[in-house]
Amino acid sequence: MTETFDHRKIESKWRKEWEKKGLYKAVDFSKRPKRYILIEFPYPSGERLHVGHGRSYSCFDAVARLLRMQGFNVLFPIGWDAFGLPAENYAIRTGIHPAVTTKENIKTSKKQAKAWGLSFDWDREITTTDPEYYKWTQWVFLQFFKKGLAYKKEIPVNWCPSCKINLANEEVVQGACERCGTPVTRRMQSQWLLKITEYADRLLKDLDKVDYREDIKAQQVNWIGRSEGARIKFPVVKPLSRQFIEVFTTRPDTLFGATFLVLSPEKAQEYLELLPKREHKEVHGYIEEALAKSELQRQEETKEKTGVFTGLYAKHPTTGEDIPIWVSDFVLMGYGTGAIMGVPAHDSRDFEFAKKFKIPIKEVVKNDKESNFPKEPFEGEGRLINSVRFNGLQSKEAIAKINAWLKKEKLGEPAIDYKLRDWVFSRQHYWGEPIPIVYCSKCWERAEVRDQRSGLKEGYDYAVIDGKEHKINPVPDKDLPVELPHVKRYKPTQTGESPLAAVHEWVEVKCPSCGSQARRETDTMPNWAGSSWYFVRYVDPQNKGRFAGKKKLSYWMPVDWYNGGMEHTTLHLLYSRFWYKFLYDLKLVPDPEPYAKRTSHGVVLGPDGYRMSKSRGNVVNPDEVVSEFGADTFRMYEAFMGPFDQVIVWDLRGVLGVRRFLDKVYRAHQAVGSQESVASSKELERKLHQLIKKVEEDTLSLKFNTAVAAMMGFINEVASSKYQVAREGWKTFLKVLAPYAPHLSEELWHGVGENDSVHLQKWPKFDPKLIKEEVVTIVIQINGKIRGKMEVEAGAKKEKVSEKARNLDSVKPHLHGRKVAKTIYVADNLINFVTA
Ligand code: ANZ
Ligand code: ZN
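Our subject in this report is the structure included herewith. (Residues numbered from 1 in each chain as written. Chains lettered and ligands numbered in written order. Predicted model: local features only at pLDDT ≥ 70, side-chain atom pairs only at ≥ 80, totals over all residues. Heavy atoms only, no water.)

### Focus: the pairing of strand β32 (residues 820-826)
Alignment of β32 against strand β33 (residues 830-835), held across 6 bridges, turns out to be antiparallel. Across the sheet, residue Thr823 finds its bridge partner in β33, namely Phe833. Counting the residues that bridge the hairpin from β32 to β33 gives 3 residues, and of these Asp828 lies at a positive phi of roughly 60 degrees. (Pairing = 2+ DSSP bridges. Helix = DSSP H or I, 4+ residues; strand = E, 2+ residues; numbered from the N terminus.)

In C-alpha cells form, the structure reads like this:
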C-alpha cells in the first residue's frame with residue numbers, strides 16, 4: 001500500500017482535463033435554474049495573489065462546485081481590477097510602465113488562480129484596463145452626464161506641499177501625505193462629481209430588499225447617515241443686514257437654549273462683506289488657517305476647541321435676543337448648512353465651546369432621571385423648560401410643534417440631511433480611464449448657445465478653463481473608447497494637473513460638435529469606476545454593441561451571492577449599488593439591486609499573529625504551500641482554518657494536518673478497492689448520510705471549517721476500521737469531498753473505475769430518516785431466557801420497548817396467560833420479563 005500521493009502529478013493532470021472539457025462554463029439561457037456566485041475581483045497591484053485571496057476563493061469555489069452538483073447553472077467568474085493607485089504606485093516604485101507591470105501581474109495571478117484549481121469560467125475573464133471594457137465605463141459616465149448627474153465643481157482637494165501632488169483620501173494618513181509624511185493642506189480645484197446624493201434615500205430604503213449581513217447593512221446605513229431635523233433661519237441684525245444664517249439641527253426642541261451661532265470657516269467666507277479685513281484681522285487669519293487644513297485634520301483636532309468671535313450678532317427667532325456669531329473649524333462645511341446653532345446645555349461640543357469662551361448656558365430640556373446638568377450637558381430627551389409656550393412638552397412632541405410653528409412663521413422647515421456627499425470622480429493621475437469630455441470655446445461662442453445662456457449651468461453645460469468659458473461636450477458614442485495614451489512620464493505632476501495634460505497631441509482635439517480646435521478633459525476616473533459595474537459585464541463580456549445584452553441580464557441578474565472583504569462593504573458596495581440603480585432607471589438592467597446577498601470574510605494574519613507585510617517578513621507565499629503540499633491541501637486548509645468571518649492566524653501545523661487527512665483518504669481508498677463486495681454497515685451508512693447533510697448545509701451557510709472537520713471525523717472512523725466501506729458508500733464520500741478537494745477526489749473517482757468527472761455527478765441526497773433514527777438491537781428475554789431480538793430507535797423509552805416486545809410473534813406465545821411481575825430494561829440493549 002502506498003502511504004501518500006503525488007499531488008504534483010495528479011493535480012495538473014486533472015486541471016488539463018477539466019479545461020479541455022470546459023467543465024465549468026456557465027451556459028446562457030440554460031433551463032437549469034441559475035446561480036450567480038461572485039467574489040471581488042483582485043487588484044493586480046504588484047503583489048501576487050495572497051493567502052487572503054485563497055481563503056475566499058477556495059471557499060466560494062466549494063460553494064460553486066456544490067451548487068453545480070446540485071443541478072444549478074452556476075456563473076462563477078473572475079477578472080482584474082487593474083486601474084488605480086496601487087498599480088500606479090507600484091509602477092513608480094519599480095520604474096516600469098504601469099501597462100507593462102499590470103500585464104505581468106495579471107499573468108502571474110492568473111497562473112496562480114489556475115494552479116489552485118478554481119472553477120472559474122475563464123471565457124468570461126475581464127480586465128478593467130482593456131479598452132473594450134473601459135469603453136463602457138466611459139459610456140456609463142456619459143449617461144450620468146447626459147442626465148445631469150455628473151457635474152464639474154470647484155472643491156477642496158488634498159495637496160501635499162512637498163510632493164506637490166493631489167492626494168486621494170486613501171493616500172492621506174492621519175492628516176499627512178502617505179509618501180513623505182508632510183501635513184496635507186487643501187486647495188480648490190475643479191473636479192468632476194457624481195450626484196450619488198440624489199440616490200441616498202433609495203440606497204437606504206432598498207436595503208430592505210436584500211440579504212446582507214447585519215453589520216454590512218449597518219455600515220451602509222451609517223455611511224449614508226440620514227438625519228431628520230429642521231433648517232432654521234437666524235437674521236443677522238448687528239450690523240443690520242438683510243442676510244440670514246441658516247442652520248441644520250436634529251434637535252429643534254432645544255431651540256430656546258441656543259445662545260450662539262457658529263459658522264464653518266468656509267461658510268464664514270459668505271459673510272465677508274460684513275467683515276472688512278481691516279477691522280477683523282483675527283477673523284480673517286483664523287479662516288485662512290482653517291481653510292488650509294483638511295477635514296480630517298480638523299476633526300482630529302477636536303480635543304481643544306478653537307474659534308473666534310466675528311463681532312456679528314443674530315436675532316434669536318423666538319426670544320428676540322441678540323446672540324453672538326462665531327467661526328470655528330469644528331463645524332464642517334460638508335454637512336447640513338455649514339452653520340450651527342450652539343446649544344451648550346444639550347450638546348457636548350457646544351458645551352465645551354461655551355465653557356471655553358464663556359458663553360451663557362441655558363437649560364431647556366429636563367430629565368430628572370438621566371440628566372447630570374449642569375455638570376455635564378444633557379443630550380437625551382425630556383420635558384421642555386424655559387421655552388415659553390412649549391414648556392411641559394416632551395421632546396418628540398415639542399419637535400413637531402416647534403417645526404410647525406417655524407414653518408408658519410417662515411423661519412424654518414423640517415429637513416432631512418445626509419452625511420453622504422457627492423462622489424468626487426476626478427483624479428489627477430495617469431493610470432485610470434480618461435473622462436470622455438471635450439471642452440470647446442467656439443461652441444460656447446456660437447450664437448445659439450449664447451442665446452440660451454440663461455438656462456445653461458456652469459459645471460453642467462459649460463466650464464471656465466484658463467479664465468475662458470468652454471462648452472462641455474460629451475465624446476460621441478462612436479468615438480468611444482477614449483484610449484489612454486501611452487506616455488513616458490506617468491508620475492503625478494507638480495502643478496496638480498494630470499500627467500495627461502502634458503500630452504499635447506492627445507489633449508488637442510477637433511471638437512466633436514463644431515470641428516474647431518478644442519481640448520480634452522485630462523482627469524481620469526477613480527479606481528472605483530471599473531469595479532462599479534464589472535459584475536454586469538461578466539454576464540455578456542464579448543458584447544460589442546452594448547455594455548451587456550438585455551436578455552442575458554434578465555437571465556443572470558441579480559448576483560445571488562456576493563462575497564468580499566469588510567474593507568469594501570462601504571464605498572465599493574455603495575458605489576456599485578448606485579451605478580446599478582442608475583442603469584435600472586434607464587431601464588437597462590432588470591432589477592433595482594445588484595446583489596441579493598452579501599457576506600464578508602475575515603483577514604488571514606501571518607504566523608506571528610500580525611498582518612502580513614513584507615517589512616515584517618511574515619508573508620506566507622501561497623505558491624510555496626501549493627507546490628509543497630498541493631492545491632487541495634492549500635484550499636482545504638483555507639476552508640478549515642477557522643470560522644470564515646473571523647480573523648485567523650496562519651498555522652503551518654494546520655496545513656500539515658489537512659495534508660495528513662488527504663493522505664488518510666488516499667489510504668482508505670486503497671482498502672476500499674479490495675473490498676468490493678462487502679456491503680456497508682448500517683452504522684456507516686448513517687454516518688455517511690449525516691456527513692452529506694452536514695457538508696451541504698455548512699457549505700451553504702459559510703461554515704466551511706466545520707464541513708471539513710466533519711469529513712475528517714468520518715475518515716478517522718473509516719481509518720480505525722470500525723466500519724467497512726463498500727464501493728457505493730465510498731463513491732458517495734468522494735462526491736462529498738469533491739467541492740473541497742477537487743483534484744484528489746477526481747483521481748480516486750477514476751480509481752474506482754468511473755470515466756466521467758466526479759464534478760459532473762449529482763450531489764448525493766441524504767435520507768433524513770436514516771440520519772435521525774439510530775437503530776439498536778434489543779435482546780428479549782423471558783425469565784432470563786432469550787426469546788427473540790428486535791430493532792428499535794436508540795434511546796427508546798422502556799414502555800415503548802416493552803410494548804413492542806410483548807407483541808412480537810416469537811415472544812407473544814410465551815407470555816400468553818401469564819402475569820409479568822417485573823420488567824428489567826437495560827437501555828439500548830436488553831429487556832427481560834420476569835413472570836409471577
Ligand atoms: C442643535 C443641537 C442641540 C444639536 C442639541 C444637537 C444636540 P447628526 O445627528 O450627526 O446629524 N451639526 C449640524 N451641522 C453641522 C456641521 N456642519 N458641523 C458640525 N456639526 C453640525 O448631527 C446633527 C447635529 O450636529 C445638529 O443638531 C447640529 O447640532 C450639529 F442638543 O443642533 B445640533
Ligand atoms: Zn465646438
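Alright, that's what it looks like, and here's the rest.
### Some remarks on the site of ligand 1
In the vicinity of ligand 1 lie 17 residues, with Ser227, Thr249, Leu332, Tyr335 and His346 positioned nearest. Between ligand 1 and Thr250 there is a distance of 3.1 Å, counted from an oxygen atom to a backbone nitrogen or oxygen. Tyr335 places a side-chain nitrogen or oxygen 2.4 Å from an oxygen atom of ligand 1. In the complex, 86% of the free accessible area of ligand 1, which totals 640 Å², lies under the protein chains. Elements that contribute at least two residues to the shell around ligand 1 include exactly β12 (244-249) and β16 (339-342). Grouping the constituent residues of the shell around ligand 1 by class yields 8 nonpolar, 5 polar and 4 charged. (Near = heavy atom within 4 Å. Polar contact = N/O pair within 3.5 Å; in protein donor to acceptor, adjacent residues only side chain to side chain. Areas by Shrake-Rupley, 256 points an atom, 1.4 Å probe, with all protein chains shown as cover. Nonpolar A, V, L, I, M, F, W, Y, C, P; charged D, E, K, R; others polar.)

### With respect to the pattern of salt bridges
Using the criterion set out here, one finds 49 salt bridges in the structure. The partner of Glu40 in a salt bridge is Arg598, and the shortest N-O contact between them spans 3.0 Å. With a gap of 558 residues between them, Glu40 in the loop between β1 (34-39) and α2 (51-69) and Arg598 in strand β27 (residues 597-601) connect regions that are remote in the sequence. On the basis of relative accessible area, Glu40 is assigned to the buried category, the value being 13%. Assessed through its relative accessible area of 0%, Arg598 is described here as buried. Between Asp540 and Lys552 there is a salt bridge, with the nearest N and O atoms lying 3.1 Å from each other. A residue pair is termed long-range when its members are at least 10 positions apart, and Asp540 in the loop between α17 (534-537) and α18 (550-556) and Lys552 in helix α18 qualify at 12 residues. Of the residues examined, Lys552 reaches a relative accessible area of 23% and is grouped as partly exposed. One salt-bridge network, in which partners are shared between bridges, spans Asp28, Asp121, Arg124, Asp540 and Lys552. (Salt bridge = Lys/Arg side-chain N within 4 Å of Asp/Glu carboxyl O. Buried < 20%, exposed > 50% of the residue type's maximum accessible area, 1.4 Å probe, protein only.)

### Side note on the sheet that holds strand β9 (residues 185-194)
Spatially, the 4 strands line up as an open sheet ordered β6-β5-β9-β20, and their pairing is antiparallel. Strands at the two margins of the open sheet, each flanked by one partner only, are β6 (165-167) and β20 (423-424). Relative to β9, strand β5 (residues 150-160) runs antiparallel, the two being bridged by 10 bridges. When the sheet's bridge partners are listed, Lys152 is paired in β9 with Trp192.

### A word on the environment of Ala794
Mapping Ala794 onto the fold places it in the loop between β31 (785-793) and α28 (798-806). Residue classification places Ala794 among the partly exposed residues on the basis of a relative accessible area of 28%. Sequence-wise, Ala794 and Glu774 are 20 residues apart; in three dimensions their C-alpha atoms are separated by 5.4 Å. When sequence neighbours within four positions are dropped, the list of residues in contact with Ala794 reads Glu774, Val775, Val776 and Asp828. (Contact = heavy atoms within 4.5 Å.)

### Some points on the packing of helix α5 (residues 131-146) against helix α19 (residues 571-585)
Relative to each other, α5 and α19 sit at 65 degrees, their axes nearing to 11 Å. Between α5 and α19, the crossing angle belongs to the class labelled roughly perpendicular. As α5 packs across α19, the resulting crossing turns out to be left-handed. Residue-level inspection shows Thr137, Val140, Gln143 and Phe144 of α5 in contact with α19, the latter providing Phe578, Trp579, Phe582 and Leu583. Along the lines of polarity and charge, the residues of the contact of α5 with α19 split into 6 nonpolar, 2 polar and no charged. (Axes fitted to C-alpha atoms, helices over the stretch in contact; angles between N-to-C directions. Parallel < 35°, antiparallel > 145°, perpendicular 65-115°, else oblique. Left-handed = near helix turned anticlockwise from the far one by under 90°.)

### Overview of the nonpolar core
By size, the foremost hydrophobic cluster in this structure holds 89 residues, and its most contacted members are Phe141, Trp192, Phe535 and Phe547. Leave out the neighbours within four places in its chain, and Phe141 touches Ala150, Trp192, Leu194, Phe425, Ile435, Pro436, Ile437 and Met525. Judged by nonpolar contacts, the second largest core, of 83 residues, contains Leu118, Ile648, Val665 and Ala707. (Core = buried A, V, L, I, M, F, W, Y, C linked by side-chain atoms within 4.5 Å.)

### Observations regarding helix α24 (residues 704-719)
The first and last C-alpha atoms of α24 sit 23 Å apart over 16 residues, in line with the 22 Å expected at 1.5 Å per residue. Buried within α24 are the following residues: Phe704, Asn705, Ala707, Val708, Met711, Met712, Phe714, Ile715 and Val718. (Expected span 1.5 Å × (residues − 1).)

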